[in-house]
Number of protein chains: 2
Amino acid sequence: QRRKNAILVDGVILNGPVADSEAGEKFVEEATKIIMEEVIKKAADVTEKVCEWQPPEKLKALLDLELKDTGENHQKLLQFCRDVIKFSVKTNHPRFFNQLYAGIDYYSLAARFITEALNPSVYTYEVSPVFLLVEDAVLKKMIEFIGWEEGDGIFNPGGSVSNMYAMNLARYKYCPDIKEQGLSGMPRLVVLTSDECHYSVKKAASFLGIGTQNVYFIKSDERGKMIPEELEKQVLRARKEGSAPFFVSATAGTTVLGAFDPLDEIADICERYGLWLHLTLTKLSHVCFELLYGRILFSSRANSVAWNPHKMLMAGIQCCALLVKDSSGLLKRCYSANASYLFQQDKFYDVSYDTGDKSIQCSRRADAFKFWMTWKALGTTGLEERVNRALALARYLVDEIKKREGFQLLLEPEYANICFWYIPPSLRNMEEGHEYWEKLHHVAPAIKERMMKKGSIMLGYQPHRGKVNFFRQVIISPKVSREDMDFLLDEISSLGKDL
Amino acid sequence: QRRKNAILVDGVILNGPVADSEAGEKFVEEATKIIMEEVIKKAADVTEKVCEWQPPEKLKALLDLELKDTGENHQKLLQFCRDVIKFSVKTNHPRFFNQLYAGIDYYSLAARFITEALNPSVYTYEVSPVFLLVEDAVLKKMIEFIGWEEGDGIFNPGGSVSNMYAMNLARYKYCPDIKEQGLSGMPRLVVLTSDECHYSVKKAASFLGIGTQNVYFIKSDERGKMIPEELEKQVLRARKEGSAPFFVSATAGTTVLGAFDPLDEIADICERYGLWLHLTLTKLSHVCFELLYGRILFSSRANSVAWNPHKMLMAGIQCCALLVKDSSGLLKRCYSANASYLFQQDKFYDVSYDTGDKSIQCSRRADAFKFWMTWKALGTTGLEERVNRALALARYLVDEIKKREGFQLLLEPEYANICFWYIPPSLRNMEEGHEYWEKLHHVAPAIKERMMKKGSIMLGYQPHRGKVNFFRQVIISPKVSREDMDFLLDEISSLGKDL
């Protein structure tokens, strides 16, 4: 029938849609069922494997990855879905402790399905009315939590990008001419951060044309906290060299040790020398601090804050906001390019709702919505309970590590990062000399290999500041229980006892 | 029972998980049903509204956006889901023509649900084995399509960010010392691009510390194509000024007019003067070119290509790759920071699969997977059919515009962007003087307001290069039919006839 009434242009039939909607809908339904059974319902089940390990070459052979001229049928495609799930690491698993994100948040997940189905891009109110208002509401609430009376902000693709945004914004504030004229012919700009900071600060300095050599790393103390006196020394050194220190990046919860830089002392120095203070909440949420310690933790003194709800608050990757204390429109002045095809000023609504020109991106995901949904579902109290529980579990684990033979803490944890060694029986009576450390260095990688191949647990390790390889445990998911903590230590002992 | 055997730490019960998995799973199931009914099944239905327009203040009042101390129950949350969907623009609707993305791809959507549920971060093989291999397979296929024998690449959050990556990479190639030393004290770098280029080139120059003044805009001809002689003049001018031209950004399919820069002539000039040639496939896919014109279109002569499958190939926002001709590891040398906690070299597998150090991001989404799924489902042939159909529809619309009274093409379209004016009856006999253009300028915004409030269709407009406001139509979705093209013109006439 369709072919009979065909309107042909260059041999293509143009009547009616070409896509078979019914078959397509059916496919999505079938795939969703698989996701429900194989991912979501298994997320709470500790008897499932954390991963079904295969080495790269073998996995390539197991999956049919090649893209061909002809398509595959739905049955084959659904099998791909099953295989992809099967061989993927279950970051939702209660025993996945390998990164600074983990677990499943049902509310965030439902919100993510909605945004994927609606496929919005958040730049103008006309095309994303709901998601722009949601982003605005979430940013306002985050700003309130930081303790600022006013502020501005934007969600963007990750903490690393947030740090870049902040550094560029501080540079614009320091010298607005740089936006147009660039850095050539300008004095050498200097960024200051602790030697425990996240590697993204260096990446940002390189990307922004500041140069990695112009990141001055401030010594930190034995706990990994920036030493304020050292910061002041380096500021003075930079000034003496005739360069322009303009930006201090502090961290609340460093990546490996979980250290908190002393923000109040750092803020004093920044004020004294007119430096922009940027704070990264690397893996914890500001919520945690306030709830835990009942204080604002001085983050309100920062000029900007990078807050990543995709980590401890389980919003799903990616979900990161850069928050800015300035409310004079600095963010927009710094980033605007005034594209007339997108940000027409003769629209019939209040165009101050069009936020696209604050961003380095054009298309931008509605990442605020999933965090909004979780917060709406749990309330601030529910978020607080989650964090309290994770921290209580961390304290339980620390106590167990202290009690058990063969386990040794690197340092008393300040927060949720627990760094420890497992000492196999063969090393327990050895003197702590070169040979001891050399041998201990290979213990964590060997245990890691065994746990991956068994699929029982996933836990990260690294060497750090002259210390040989140690495990780093962070608790995030509310599905983690005391039993999982016991299992973690039992399993490490069992996997490593013959090393 | 749980409370009876409670292990308390600081008042928190640590036995068993705290989250109610069953209720959570149920919630996701209910939300998925709503998505299926309200978004996916309605995506093919032209009798549904494209948007349910509400002005910002009214919409705020309709939605309960405030985040509170206590959470909401599931019933309330599901109502939020319904409201969010109701008041969101249906970018899947066959009559949504407002942006350079549209429609629904069932395969990509299923893949997106999978990645949201699995929540991977693509940086190391150990944590994202499948998604790293998929990204690798997709990049290899894209490189093959461009016509390079070898190459490198990375998926990242959008075309704007891809352009930044390319500019920074070209700068690193031009002078590797800039990574460490920064731009201060270096000669003034100059970027060259056409005056029709996307605004992200300017944003990139500003972000990277090069400065917007050092973007030299090359004159384009009346069709919006960069004039190669003008490019050469500007390169010579930059050299004469003692500055360092290093990067030419060309576009295949500009944002507004859909113009194709003459790549072969531009490539000749780049070779002559040793400039990096970057090509942006702003909204079309390379696939289109090759299939349509049966030729490689010289993009193989580019040093880098930004390819955005989230536009014409409907992969969903965000899905963008930066592809690089260099296969000597330039991308990694430029971007690496060697974070020892993530990229340990003593892992038990081949760590060359860990791609995280090529990226400016740390956490990174598995955006390649959804595009892989669509390609797998349709095959190259199926993608080709989609593009051919969209282009045939574009030609049909152009013919109709020429036939109908009151419609006027801005210029004969080269590809899929159709720029046109609607001339209401009141203007049809007026002389084309100042008053005529002034009045015509207000026609498109007035019709846009009416179509938004009615919800029948969404189509963008803008002024451009001295031309008053005109409509820009781009066809992407395979659900669009000839009937929708007729409706588009009928509706514009009907909404604008009294203006």
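A short tour of the structure in this document, coming up. (Residues numbered from 1 in each chain as written. Chains lettered and ligands numbered in written order. Predicted model: local features only at pLDDT ≥ 70, side-chain atom pairs only at ≥ 80, totals over all residues. Heavy atoms only, no water.)

**Looking at the pattern of salt bridges**
Working step 1: In the structure shown here, the tally under the stated rule is 93 salt bridges over all chains.
Working step 2: Arg364(B) is the partner of Glu135(B) in a salt bridge, and the nearest nitrogen-oxygen pair spans 3.1 Å. Within this pair, whereas Glu135(B) is found in helix 5 (residues 129–146), its partner Arg364(B) is found in the loop between helix 12 (330–335) and helix 13 (368–403), the two being separated by 229 residues in sequence. Of the two residues, Glu135(B) and Arg364(B), both sit in the buried class.
Working step 3: Across the salt bridge formed by Arg465(B) and Asp195(B), the nearest N and O atoms sit 4.0 Å from each other. Note that Arg465(B) is positioned in the loop between strand 13 (458–464) and strand 14 (467–473) and Asp195(B) in the loop between strand 5 (189–194) and helix 8 (200–207), a separation of 270 residues in sequence.
Working step 4: Its relative accessible area of 39% is what places Arg465(B) among the partly exposed residues.
Working step 5: Counted as one network, the salt bridges with shared partners bring together Arg112(A), Glu116(A), Arg365(A), Asp367(A), Lys370(A), Arg112(B), Glu116(B), Arg365(B), Asp367(B) and Lys370(B). (Salt bridge = Lys/Arg side-chain N within 4 Å of Asp/Glu carboxyl O. Helix = DSSP H or I, 4+ residues; strand = E, 2+ residues; numbered from the N terminus. Buried < 20%, exposed > 50% of the residue type's maximum accessible area, 1.4 Å probe, protein only.)

**Describing the relation of the copies chain A and chain B**
Working step 1: When chain A is fitted to chain B, the residual RMSD is 0.0 Å, and the transformation amounts to a turn of 180° plus an axial shift of 0.0 Å. A rotation of that kind, with that shift, is consistent with a two-fold axis. Among all C-alpha atoms of chain A, that of Leu208(A) lies closest to the rotation axis, at 2.1 Å. (Least-squares fit on C-alpha atoms with pLDDT ≥ 70 in both.)

**A look at helix 8 of chain B**
All names here are of chain B.
Working step 1: The buried fraction of helix 8 is high, at seven of eight residues.
Working step 2: Looking only at helix 8, the buried set comprises Ser200, Val201, Lys203, Ala204, Ala205, Ser206 and Phe207.
Working step 3: Downstream of helix 8 by a residue or two, glycine 209 has a phi angle that is positive, lying close to 80°.

**Things to note about the nonpolar core**
Working step 1: In terms of nonpolar packing, the biggest core is built from 227 residues, with Ile40(A), Leu323(A), Ile40(B) and Leu323(B) touching the most fellow members.
Working step 2: Residues contacting Ile40(A), with those up to four places away along its chain left out, are Ile35(A), Ile104(A), Tyr106(A), Leu109(A), Phe113(A), Glu25(B) and Val28(B).
Working step 3: Of all hydrophobic cores here, the second largest spans 68 residues; its members include Ile154(A), Leu169(A), Leu330(A) and Leu183(B). (Core = buried A, V, L, I, M, F, W, Y, C linked by side-chain atoms within 4.5 Å. Contact = heavy atoms within 4.5 Å.)

**Quick notes on unusual backbone geometry**
With glycine set apart, most residues show a phi of negative sign, and most peptide bonds adopt trans.
Working step 1: Cis rather than trans, the peptide bond between Ile317(A) and Gln318(A) has omega equal to 10°.
Working step 2: Unusually for a residue other than glycine, Met314(A) sits at a positive phi of about 60°.
Working step 3: In this structure, Met314(A) sits in the loop between strand 9 (304–307) and strand 10 (320–324).
Working step 4: The exposure class of Met314(A) is buried, given its relative accessible area of 4%.
Working step 5: A positive phi is found at Arg465(B), a non-glycine position, where the angle reads about 45°.

**Quick word on the interface of chain A and chain B**
For interface size, the figure often reported is the accessible area lost on association.
Working step 1: Contact residues are listed per partner, giving 180 residues for chain A and 180 residues for chain B.
Working step 2: Taken together, both faces of the contact between chain A and chain B bury some 15500 Å²; the carbon and sulfur share is 62%.
Working step 3: Broken down residue by residue, the surface that chain A buries against chain B is led by Leu67(A), Phe207(A) and Phe348(A), which jointly contribute 6%.
Working step 4: Along the contact surface separating chain A from chain B lie twelve salt bridges.
Working step 5: Put simply, Glu29(A) and Lys41(B) hold a salt bridge, and the shortest N to O gap is 3.5 Å.
Working step 6: Summed over the shared surface of chain A and chain B, the number is 85 residue pairs in polar contact (both at pLDDT 80 or more).
Working step 7: With 16 residues, helix 13 (residues 368–403) of chain A is the single largest residue contributor to the side of chain A that touches chain B.
Working step 8: For the side of chain A that touches chain B, the residue count by class is 93 nonpolar, 48 polar and 39 charged. (Buried area = accessible area lost by both parts, 1.4 Å probe. Polar contact = N/O pair within 3.5 Å; in protein donor to acceptor, adjacent residues only side chain to side chain. Nonpolar A, V, L, I, M, F, W, Y, C, P; charged D, E, K, R; others polar.)

**What about the packing of helix 5 of chain B against helix 13 of chain B?**
All names here are of chain B.
Working step 1: For the pair helix 5 and helix 13, the least separation of the axes is 9 Å and the interaxial angle reads 60°. On the basis of the axis angle, helix 5 is oblique to helix 13. Crossing angle aside, the handedness with which helix 5 passes helix 13 is left-handed. Contacts between helix 5 and helix 13 involve Phe131, Val134, Glu135, Val138, Lys141, Met142 and Phe145 from the first element and Ala368, Phe369, Phe371, Trp372, Trp375 and Thr380 from the second.
Working step 2: Here the residues of the contact of helix 5 with helix 13 sort into ten nonpolar, one polar and two charged. (Axes fitted to C-alpha atoms, helices over the stretch in contact; angles between N-to-C directions. Parallel < 35°, antiparallel > 145°, perpendicular 65-115°, else oblique. Left-handed = near helix turned anticlockwise from the far one by under 90°.)

**Topic: the packing of aromatic side chains**
The geometry of two aromatic rings is summed up by the distance between their centres and the angle between their planes.
Working step 1: Summed over all chains, the structure comprises 50 aromatic pairs over all chains.
Working step 2: Their ring planes at 50° and their centres at 6.0 Å tell us that Phe407(A) and Phe420(A) sit as a pair that is tilted. Note that Phe407(A) is positioned in strand 11 (residues 407–409) and Phe420(A) in strand 12 (residues 417–422), a separation of 13 residues in sequence.
Working step 3: Owing to a relative accessible area of 0%, Phe420(A) belongs among the buried residues under this scheme.
Working step 4: With 5.0 Å between their ring centres and 85° between their planes, Tyr436(B) and Trp437(B) make a pair best called edge-to-face.
Working step 5: Among the residues examined, Tyr436(B) registers a relative accessible area of 3% and is labelled buried.
Working step 6: Counting every residue linked through ring pairs, the aromatic cluster contains Tyr165(A), Phe207(A), Tyr335(A), Tyr165(B), Phe207(B) and Tyr335(B). (Phe/Tyr/Trp six-rings, centres within 6.5 Å; stacked < 30°, edge-to-face > 60°.)

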